[in-house]
Amino acid sequence: MLYFRALPTNKPILFGVHAFVFLCLGMIWFHLFGKPALSTWKGAASRTVLERERRQFQDESGAVDAD
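Chemist: Explain the overall build of the protein chain to me, using residue names and the numbers behind them.
Modeler: In terms of regular secondary structure, the protein chain is built from two helices and zero strands. In the structure as shown, the protein chain presents an accessible area of about 6500 Å², 67% of it carried by carbon and sulfur atoms.

Written as structure tokens, this is what we have:
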């Protein structure tokens with residue numbers, strides 16, 4: 001097992017580089033794979049998507065009420 005120490009007090013520049021790379025990769029990852037269901041690449045859901053989700057929610061809540 002490799003041991004690597006990257007503490008801010010020990011090597012502040014190295015820690016800053018690692019933090020920056022981690023944040024950049026996280027932003028890319030969540031932009032590609034962490035997109036909410038009602039969001040588009042522009043950040044807003046279309047009317048069609050909202051209507052579909054609204055109908056699905058009403059169907060599901062109606063099924064729960066019937067039980």
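Chemist: How would you explain a nonpolar patch on the surface if you had to name every residue and give the values?
Modeler: A contiguous nonpolar patch, built from Ile13, Val17, Phe20, Val21, Leu25, Ile28, Trp29, Phe30, Leu32 and Phe33 and spanning about 1100 Å² of accessible area, is present on the exposed surface. Mapped onto the secondary structure, Leu25 falls in helix α1 (residues 12-33). Looking at Leu25, the relative accessible area reads 54%, which means it is exposed.

So, how was this worked out
Numbers given for residues are sequential positions, taken from 1 along each chain in its written order. Predicted model: local features are reported for residues with pLDDT of at least 70 only, side-chain atom pairs are reported and counted for 80 or more only, and whole-chain, interface and lining totals are derived from all residues. Excluded from the side-chain calculations are hydrogens and water; all other atoms, namely the structure's heavy atoms, are used. Secondary structure counts use DSSP, requiring at least four H or I residues in a row for a helix and at least two E residues in a row for a strand, with both numbered from the N terminus. A 1.4 Å probe and the Shrake-Rupley method give the accessible areas. Residues count as covered only by the protein chains that appear here. Residues forming no salt bridge and having over 30% relative accessible area are the ones grouped into patches, like charges within 9 Å of each other and nonpolar side chains (Val, Leu, Ile, Met, Phe, Trp, Tyr) within 5 Å. What counts as a salt bridge is simple: a side-chain nitrogen of Lys or Arg found within 4 Å of a carboxyl oxygen of Asp or Glu. Burial classes: relative accessible area under 20% of the type maximum marks a residue as buried, over 50% as exposed, and values in between as partly exposed (1.4 Å probe, protein chains only).

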